[in-house]
Amino acid sequence: MLVFGMLLGVLLGGGSAFLADHLNTSVHRREHVMQLGLRVLGVVPHARGGSTHETAPIIEAMRGVRFNVLNAYGTAGPVMFAVTSPGAREGKSFVASNLAVAFADAGHKTLLIDGDLRRGSLYRILNTRRKPGLTDVLHGETTPENAIQATPYPPLYFVGCGTRTPDAPELLTSEAMAKFVAGVRQSFSVVIVDSPPLGAGVDAYALGASTGNILMVLRLGTTDREVAEAKLDLLDRLPVRLLGTVLNDVPAYSAYATYSYYMEGYAYEAEKGREPRTLAGRQPAAR
């Protein structure tokens, strides 16, 4: 009876674990990412807080993403891409803003554009202004020079989302948008556009088409596999190059944790008083 009870317990436990994994539709295992056909350009660990010790893995992860994006880009001229995710609360703005700082730290004259014209709030993180911004430029109410702001992270510049407007999708596919993109392409070596999620409408697809490239952010345990597959299928039909994916908020027990560039005890120490810069605080709350 004792042996039978132990065997039954093992079977029930294993069956429950299998059922729970089967019912979990999120991207949470390595094979799920492989099934999506995405190459991993970086692994961002869970951000626990704001101290230098806790943000060091984030800084190193962004350096790795920066290095891999430059190699994945592979063409002459300025680097320009939109950062998006299949759904909400997957950390696309977190990745876009910190990656912009990483490019600036490497000496690239970088422009970060808040392309989320519906709910953009990057101006709060950067301590800059929301307007005049992108919508104001596209409406012809201000000039690009007036919308481009300096930030506390030189040589990083910023364009806010601008005045809220219901015709945002039309603006992003307008001739004014094409002119704006052509202008900033000549003035900056790196242009990063923080885009709305792919599930929020046509905006992200329009921004991907404008920049020509998309960097996808997946959050383990949050990104829905079926939604991701559907949105990636739509991207395949557009003239957009998918550079790869950044896996965000990866826990220490994940199979992808070993892909991290960071090793405990090997963080750089600033002897000249210059600390590495980051916008990394806590990750946005998961669904």
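Just above, that's the structure.
Residues numbered from 1 in each chain as written. Predicted model: local features only at pLDDT ≥ 70, side-chain atom pairs only at ≥ 80, totals over all residues. Heavy atoms only, no water.

Our focus in this paragraph is the overall build of the protein chain. A count of helical and extended segments in the protein chain gives 11 helices and eight strands. Counting every position in the protein chain, which comprises 287 residues, the buried fraction comes to 48%. Of all intrachain contacts in the protein chain linking residues separated by at least 6 positions in sequence, the fraction that spans at least 24 positions is 80%. (Helix = DSSP H or I, 4+ residues; strand = E, 2+ residues; numbered from the N terminus. Buried < 20%, exposed > 50% of the residue type's maximum accessible area, 1.4 Å probe, protein only. Contact = heavy atoms within 4.5 Å.)

Turning next to helix α10 (residues 203-211). Counting buried positions along α10 gives seven out of nine residues, so the element sits mostly inside the fold. Three or more residues of α10 are buried, namely Asp-203, Ala-204, Tyr-205, Ala-206, Leu-207, Gly-208 and Thr-211. The inward-facing, buried residues of α10 abut β2 (79-84), α8 (168-172), α9 (175-187), β6 (190-194), β7 (213-219) and α11 (225-235). Two residues or fewer past α10, Gly-212 is found with a positive phi of approximately 90°.

For the rest of this paragraph, the subject is the pairing of strand β5 (residues 156-159). Side-chain direction in a regular strand flips from residue to residue, so the side chains alternate between the two faces of the sheet. Where strand β3 (residues 110-114) and β5 come together, four bridges link them in parallel fashion. Paired with Leu-112 across the two strands is Phe-158, which belongs to β5. With two bridges joining them, strand β4 (residues 149-150) and β5 adopt antiparallel strand pairing. Among the inter-strand pairings, Gln-149 is bridged to a residue of β5, identified as Phe-158. Adjacent in sequence and paired antiparallel, β4 and β5 are bridged by five residues. (Pairing = 2+ DSSP bridges.)

Time to look at α11. Among all positions in α11, only Arg-225, Ala-228, Leu-232 and Leu-235 are buried. Seen from one end, α11 has its buried residues packed into an arc of 80°, which puts them on one side. By the N-cap criterion, in which a side-chain oxygen at the helix start approaches the backbone nitrogen of a residue two or three places on, α11 is capped by Asp-224, the distance to Glu-226 being 3.0 Å. (Arc of directions from axis to C-beta. Polar contact = N/O pair within 3.5 Å; in protein donor to acceptor, adjacent residues only side chain to side chain.)

Take Asp-114: it is sitting in strand β3. Here Asp-114 falls in the buried class, since its relative accessible area comes to 0%. Apart from residues no more than four positions distant in its own chain, Asp-114 is found in contact with Gly-120, Ser-121, Leu-122, Leu-134, Phe-158, Val-159, Gly-160, Cys-161 and Asp-194. Polar side-chain contacts of Asp-114 include one of 3.2 Å to the backbone nitrogen of Ser-121. Engagement of the side chain of Asp-114 in a polar contact is seen with the backbone nitrogen of Leu-122, the distance being 3.2 Å.

Time to look at the side chain of Ser-97. Locating Ser-97 in the fold gives a position in helix α4 (residues 92-105). A relative accessible area of 2% places Ser-97 in the buried class.

This part takes up unusual backbone geometry. The step from Lys-131 to Pro-132 runs through a cis peptide bond, and the omega angle for that step is 0°. Structurally, Pro-132 can be placed in the loop between α5 (122-126) and α6 (134-138). Of the consecutive residues Pro-154 and Pro-155, the connecting peptide bond is found in the cis state with omega at 0°. Considering the arrangement of structural elements, one finds Pro-155 in the loop between β4 and β5. Positive phi, normally seen in glycine, also occurs at Asp-249, with a value near 60°. Positionally, Asp-249 belongs in strand β8 (residues 241-250). The exposure class assigned to Asp-249 is buried, which follows from its relative accessible area of 12%.

Our focus in this paragraph is the sheet that holds β7. The strand order across the open sheet built from eight strands is β1-β8-β7-β2-β6-β3-β5-β4, with neighbouring strands paired in mixed fashion. Of all strands in the sheet, those bounded by a partner on one side alone are β1 (40-45) and β4. Pairing of β1 with β8 involves four bridges; the strand directions are parallel. Note on β8: the bridge partner recorded for Val-43 is Leu-247. Together, β1, β2, β3, β5, β6, β7 and β8 form the strand contacts of α4, whose direction differs from that of β6 by roughly 165°. (Axes fitted to C-alpha atoms, helices over the stretch in contact; angles between N-to-C directions.)

Of all seven residues making up β7, seven are buried, and the element is well covered by its neighbours. Covered by surrounding structure in β7 are Asn-213, Leu-215, Val-217 and Arg-219 together with Ile-214, Met-216 and Leu-218, the residues of both alternating faces. Bridge analysis of β2 against β7 gives three bridges, and the strand direction is parallel. The partner of Val-83 across the bridge, within β7, is Leu-215.

For the rest of this paragraph, the subject is the nonpolar core. Formed by 78 residues in total, the largest nonpolar core has its most connected members in Val-69, Phe-81, Leu-112, Leu-134, Phe-180, Ile-192 and Leu-215. Among the elements that take part in this core, α4 stands out by supplying nine residues, more than any other. Setting aside its immediate chain neighbours within four residues, Leu-134 contacts Ile-113, Asp-114, Gly-115, Leu-117, Val-159, Gly-160, Cys-161, Gly-162, Leu-172, Met-177 and Phe-180. (Core = buried A, V, L, I, M, F, W, Y, C linked by side-chain atoms within 4.5 Å.)

Interpretation note: all reported values are geometric properties and have no functional meaning in isolation.
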